[in-house]
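Listed below are the residues making up each chain.
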Amino acid sequence: MTYLVVMLILVIVAGIAWYVGNTMLRSTNVQTHQRGATIKLASLAGFAILFLVGTFFSSFNQIPAGHVGVVYSFGSIIGQIEEGPQWTRPWSNVRTENIQVQSHKFKKLVCFSSETQEVYVDATLNIRVSPQAIQTLYRNIGPNWFEVIVEPRVPQNFKDETVKYTSVGIAPNREAIRHDVTIRLEKECGPHSIEVTDLLLDNIDFSDPFKQAIEKKQIATQNALEEEQKVVGERHKADQKIEAARGEGGSILVVAEKQAEANSRLAASLTPQLVQYSLVQKLGDKIEVMILPAGQNFILDPNALMKKP
């Protein structure tokens, strides 16, 4: 459209210059006549040069690598051109579209857990458009297809998935969340020939009060575990002492049993004469006279008390 407007203006200007020059040619003045001829020639030459230059630049299009050109004519899409130097009708317009993998960052997507706790998600979405579907995508959606199709669906899908988990269960299930969101985006974008090549879950974060509460809980849990370990240690020491006491008591019992057995055997082997004999053996070597209390039964032969020379 721009080309046609410029060409129309050029034709009008050239026509006016031609008319002025032709009028001046009718003059009887020699100088005026010469000027009129010059103006006519300049109008023709100027129109031809501007027409050729304008047509060349309006028809030539350089499409970058990894892009295609969507060709418009009077507001309607009439086709597309590939990358590299391409020629189109001079009155057509060309809009380039990227068909490479495009990476889009999503920062601080506000989601919720099953307890309605706020969850903040950072994600990276990689997508690309099928080159064969550019015209259809532009006709049905428009050049702003990303803002219409993709951009609103990413946060909504994350919200639908994170709400399935508790706050403490979101981080351990981040891969499941990423997978489910990817599947949903593929189903929603696929009919528009928008391919989801990858979805990366960069970060999951929570509000500061929630993180502080979790930290306090972890500290309390750690302290409780330490106290529990201390209790287990003390119980182990007590068990060791009990076992030691049982062993010591067992040893004493064995000794007592053996002593009792020995005493029992000794008592069974004693006779009065043996007791008296043992008593004498305990006397000093120099005793020659021994006074016994009255009424004592001492039947050893007195000669037994005498020391042999």
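Anything mentioned here points back to the structure above.
Let us look at the structure shown here. (Residues numbered from 1 in each chain as written. Predicted model: local features only at pLDDT ≥ 70, side-chain atom pairs only at ≥ 80, totals over all residues. Heavy atoms only, no water.)

As a further point, take unusual backbone geometry. A positive phi angle, close to 55°, is found at Lys108, a residue other than glycine. Overall, the relative accessible area of 47% leaves Lys108 in the partly exposed class. Of note in the backbone geometry, Thr116 takes a positive phi value of approximately 65° without being a glycine. Locating Thr116 in the fold gives a position in the loop between strand S6 (102-112) and strand S7 (118-129). Exposure remark for Thr116: the relative accessible area of 62% places this residue in the exposed category. (Buried < 20%, exposed > 50% of the residue type's maximum accessible area, 1.4 Å probe, protein only. Helix = DSSP H or I, 4+ residues; strand = E, 2+ residues; numbered from the N terminus.)

Turning next to the sheet that holds strand S8 (residues 194-206). One open sheet accounts for three strands, arranged S6-S7-S8; its pairing is antiparallel. Looking at strand neighbours, the two that pair on one side only are S6 and S8, the edges of this open sheet. With direction set aside, neighbouring strand axes in the sheet form an average angle of 20°. Sitting on the sheet, helix H5 (residues 153-162) touches S6, S7 and S8, and the angle it makes with S6 is about 45°. Contacts from helix H7 (residues 174-189) reach S7 and S8 within the one sheet, and its direction differs from that of S8 by about 145°. (Pairing = 2+ DSSP bridges. Axes fitted to C-alpha atoms, helices over the stretch in contact; angles between N-to-C directions. Contact = heavy atoms within 4.5 Å.)

This model, assessed by the stated rule, comprises eight salt bridges. The partner of Glu188 in a salt bridge is Arg153, with the nearest N and O atoms 3.5 Å apart. Here Glu188, found in helix H7, pairs with Arg153, found in helix H5; they are 35 residues apart in sequence, far enough to count as distant. Residue class for Arg153 comes out partly exposed when judged on its relative accessible area of 27%. In this structure, Arg178 engages Asp198 in a salt bridge whose closest nitrogen and oxygen atoms are separated by 3.9 Å. Of the two residues, Arg178 is situated in helix H7 and Asp198 in strand S8; the sequence distance between them amounts to 20 residues. On the accessibility criterion, Asp198 (29% relative accessible area) is partly exposed. Several salt bridges converge on common partners, so that one network encompasses Asp160, Glu161, Lys164 and Arg184. (Salt bridge = Lys/Arg side-chain N within 4 Å of Asp/Glu carboxyl O.)

Further remarks concern the packing of aromatic side chains. Enumeration according to the criterion identifies six aromatic pairs in this entry. Here the aromatic rings of Phe56 and Phe57 are separated by 5.2 Å at their centres, their planes lie at 85°, and the arrangement is edge-to-face. Phe56 sits in the partly exposed class, given a relative accessible area of 38%. Following the ring pairs from residue to residue traces out a cluster consisting of Phe56, Phe57, Phe60 and Trp87. (Phe/Tyr/Trp six-rings, centres within 6.5 Å; stacked < 30°, edge-to-face > 60°.)

Turning our eyes to something else, we now look at the pairing of strand S1 (residues 60-63). The alternating pattern of S1 places Asn61 and Ile63 on a buried face, while none of Phe60 and Gln62, on the opposite face, is buried. Sheet analysis places S1 next to strand S4 (residues 84-87), joined by four bridges and oriented antiparallel. Bridged to Phe60 within S4 is Trp87.

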